[in-house]
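Below are the chains, spelled out letter by letter.
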Amino acid sequence: MTSILGAEATYFTALSAGNFIIQRCTACSKHVFFPREICPHCRTTVLDWVQPTGTGTVYSTSTVRRKPELGGDYDVSLVDLDEGVRMMTRIDGIPPTEVRIGMRVRAEIVEGKAGKTVVFRPLGEMA
Amino acid sequence: MNSLIDLRGSTAIVGVGTAGCGEAPDFSDMEVLARAAHAAVADSGLTWDDIDGLATANLNSPMWALNTAEYLNIRPRFIETTNIGGSSFIAHLQPAMLALASGQCNAVLVCYGSTQRTQTVGRREKLLAKQLIDPYSYEAPYEPFNPPTSYALIAARHMHQYGTTRRHLAEVAVAARQWAQLNPEAFARAPLTIDEVLGARMIADPFSVYDCCLVTDGGGAFVLVRSDRARGLKHKPVYVLSNATAVWHRQVSSMADLTVSPAADSGPRAFQAAGLTPKDVDVVQLYDAFTINPILFLEDLGFCAKGEGGSFVEAGAIAPGGRLPVNTNGGGLSCVHPNMYGVFEIVEAVRQLRGAAGQRQVANARVALVHGNGGISAASQSTALLGTDLAL
């Protein structure tokens with residue numbers, strides 16, 4: 001065990017302290033997200049925690065339509081980090097319907113309804 | 001038995017039934033299940049005493065087979081309760097085929113019921129409880145409106161990668177509605193045009209409300225026996241030629257390629273075990289939780305090349321009178337969708353292969369493909385090929 005916490009608790013503990021970390025397998029060197037106890041690629045069990053560069057590319061995007069009185073429309077996107085892993089997230093800083101597949105984005109940590117959350121902002125360029 | 005190919009045609013569906021499709025106010029899930037099960041047993045010509053196998057699942061109860069055996073007062077020797085979402089009742093076929101082939105049991109009742117539409121008490125509380133009991137820890141913070149959001153992400157990527165359009169998606173909705181207009185049991189039968197689909201209220205881009213399946217009540221059931229037993233019963237047997245199931249992920253963020261579903265695995269295995277190809281199929285039932293689903297599955301199952309699903313459905317190609325009859329009951333989009341839809345696809349395929357589908361009957365239907373989808377992101381897929389005696 002490289003950690004006294006399970007992978008999920010390690011991730012959310014770091015996030016609540018303001019750190020966005022992902023796993024990297026010590027055997028096959030591939031990055032892993034979401035956090036796991038076993039490398040999904042080579043099945044070994046020693047996974048390090050690393051800080052990603054924070055940059056990535058929008059892989060897909062959708063706008064959830066919600067009544068204005070309930071807060072209005074919002075984005076849900078999938079972002080491929082430059083480390084090669086994908087996560088669900090939200091693109092902030094532009095209207096949800098203007099998010100495009102292929103947009104380059106950078107991670108930031110914001111305070112969400114249930115604690116700190118990783119969201120992304122456009123870098124103003126396409127992949 | 002040496003291989004799954006030996007199971008080809010070894011079992012047959014001899015009874016089907018539905019109950020409470022559309023709205024069944026003041027009925028419980030179990031009550032519509034029981035009525036559908038009773039209709040299926042009666043339709044088979046067998047008696048309740050003959051039923052010694054049970055396959056069922058329910059999204060609200062993790063041990064639903066117990067509830068069901070108790071309610072029906074049966075003591076099955078074979079119990080199958082794999083729950084992989086809406087495709088479950090198609091995925092129940094292969095275990096049931098093996099149990100029948102081995103002699104573990106002689107007649108399997110596959111049954112389902114839900115009154116999701118009219119049973120509104122505590123709906124919000126139940127949803128919140130599910131989120132606590134079985135969380136999506138890494139997606140929930142972003143509040144996806146699921147299942148629409150996950151399938152919308154799949155559709156958006158397919159559109160980006162292959163030039164699929166919202167008009168292609170609308171073709172699927174309109175084709176389903178045109179079939180539903182030929183089916184007295186279908187819930188949504190009002191005329192629907194492509195422009196109405198495109199102009200309707202948006203739910204999760206690129207989906208408008210007509211790109212999303214219905215929320216209805218309904219129960220469905222069928223009875224499966226060994227083929228030797230099937231002959232001489234009430235109806236012409238519908239033989240199970242093959243079944244194959246694939247599960248690759250749960251969350252849409254874990255789906256390796258949003259344009260390829262596990263149907264790309266279940267489909268070829270089902271065709272191989274049946275000794276058939278897409279060209280041999282006369283009528284197709286594809287789980288249409290959303291309009292992107294049939295497009296994705298037509299590609300993954302080999303009816304067209306990857307990326308060509310959109311153009312495949314153009315100009316009413318899967319509507320009545322089109323080149324390939326798809327979702328002839330009206331599908332989950334326009335016929336019935338009570339939380340899980342798979343069992344209704346089998347019921348419709350059996351009616352078509354019996355030649356008992358009324359106005360919507362596909363002429364000379366000998367082989368039907370039934371394809372189930374489950375989970376909130378095309379996560380589980382189960383493909384079955386069914387046929388008449390002419391397909392054996």
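Residues numbered from 1 in each chain as written. Chains lettered and ligands numbered in written order. Predicted model: local features only at pLDDT ≥ 70, side-chain atom pairs only at ≥ 80, totals over all residues.

Now for the overall build of chain B. For chain B, the helix and strand inventory stands at 14 helices and 11 strands. Against the globule reference of 21 Å for 392 residues, chain B gives a C-alpha radius of gyration of 19 Å, in line with a compact fold. Projected onto its principal axes, the C-alpha positions of chain B cover 50 × 45 × 40 Å. In chain B, which comprises 392 residues, the share counted as buried stands at 59%. Sequence-distant contacts, at least 24 apart, represent 79% of the contacts inside chain B between residues at least 6 apart. (Helix = DSSP H or I, 4+ residues; strand = E, 2+ residues; numbered from the N terminus. Rg over C-alpha atoms; globule rule 2.2 N^0.38 Å. Buried ≥ 20, exposed ≤ 12 C-beta atoms within 10 Å, placed from the backbone. Contact = placed C-beta atoms within 7 Å.)

Another point: the overall build of chain A. Per the secondary structure count, chain A includes 1 helix and 8 strands. Listed by position from the N terminus, the elements making up chain A come as α-β-β-β-β-β-β-β-β. In terms of its C-alpha atoms, chain A occupies a principal-axis envelope of roughly 50 × 30 × 20 Å. The buried share of chain A, reckoned over its 127 residues, is 31%. Partitioning the contacts of chain A with sequence separation of at least 6, the portion at a separation of at least 24 is 45%.

Mean pLDDT over chain B works out to 97, with 100% of the residues at or above the 70 mark. Reported confidences for the modelled complex are a pTM of 0.98 and an ipTM of 0.97. (pLDDT = per-residue confidence, 0-100.)

Moving on, we come to unusual backbone geometry. Along the chain, N146 of chain B connects to P147 of chain B via a cis peptide bond; the corresponding omega equals 5°. Along the chain, P147 of chain B turns up in the loop between α5 (123-133) and α6 (148-162). Of the consecutive residues D205 of chain B and P206 of chain B, the connecting peptide bond is found in the cis state with omega at 10°. In this structure, P206 of chain B sits in the loop between β5 (202-204) and β6 (207-208). Backbone geometry at S29 of chain A places phi at a positive 70°, although glycine is not the residue there. Relative to the helices and strands, S29 of chain A is located in the loop between β1 (22-25) and β2 (31-32).

What the 3 strands build is an open sheet, ordered β2-β1-β3 (chain A); its pairing is antiparallel. Looking at the sheet topology across the chains shown, the edges are occupied by β2 and β3 (47-50) of chain A. (Pairing = 2+ DSSP bridges.)

Moving on to the environment of T216 of chain B. Residues and elements named next belong to chain B. By secondary structure assignment, the location of T216 is in the loop between β6 and β7 (217-226). In this structure T216 comes out as buried when scored by C-beta crowding, with 25 C-beta atoms within 10 Å. Measuring from C-alpha to C-alpha, the distance between T216 and S334 comes to 10.0 Å, with 118 residues separating the pair along the chain. Excluding anything up to four places from it in sequence, T216 contacts C21, G22, E23, R117, F187, V336, H337 and P338.

Residues and elements named next belong to chain A. If you check the domain split of chain A, you get domain 1 (7-50) and domain 2 (55-126). With 8 residues of domain 1 at the interface, the matching set in domain 2 holds 9 residues. Secondary structure elements with two or more residues in the side of domain 1 that touches domain 2: α1 (7-16) and β2. Here the residues of the side of domain 1 that touches domain 2 are counted per class, giving 5 nonpolar, 3 polar and no charged. (Domains from an automatic or database assignment. Nonpolar A, V, L, I, M, F, W, Y, C, P; charged D, E, K, R; others polar.)

Now for the sheet that holds strand β9 (residues 283-286) of chain B. Residue and element names in this part refer to chain B. Read across the sheet, 9 strands follow the order β3-β2-β4-β7-β1-β8-β11-β10-β9 without closing on themselves; strand pairing throughout is mixed. If you trace the sheet from one side to the other, it starts and ends with β3 (78-80) and β9, each paired once. The mean angle between the axes of side-by-side strands here comes to 20°, regardless of whether they run parallel or antiparallel. Relative to strand β8 (residues 238-247), strand β1 (residues 11-22) runs antiparallel, the two sharing 3 bridges. For T11, the partnering residue across the bridge sits in β8 and is V240. Contacts from helix α1 (residues 29-44) reach β1, β4 (107-114) and β7 within the one sheet, and its direction differs from that of β1 by about 140°. (Axes fitted to C-alpha atoms, helices over the stretch in contact; angles between N-to-C directions.)

With that out of the way, let us pick up α6 of chain B. The end-to-end C-alpha distance of α6 of chain B is 21 Å, a good match for the 21 Å that 15 residues give at a rise of 1.5 Å each. Among the 15 residues that make up α6 of chain B, 12 are buried, leaving the element largely enclosed by the rest of the structure. Within α6 of chain B, burial applies to P148, T149, S150, Y151, A152, L153, I154, A155, A156, R157, H158 and M159 of chain B. Tucked into the core, α6 of chain B has its buried residues touching β4 (55-64) and β5 (74-81) of chain A together with α7 (166-180), β5, β6 and α11 (292-300) of chain B. (Expected span 1.5 Å × (residues − 1).)

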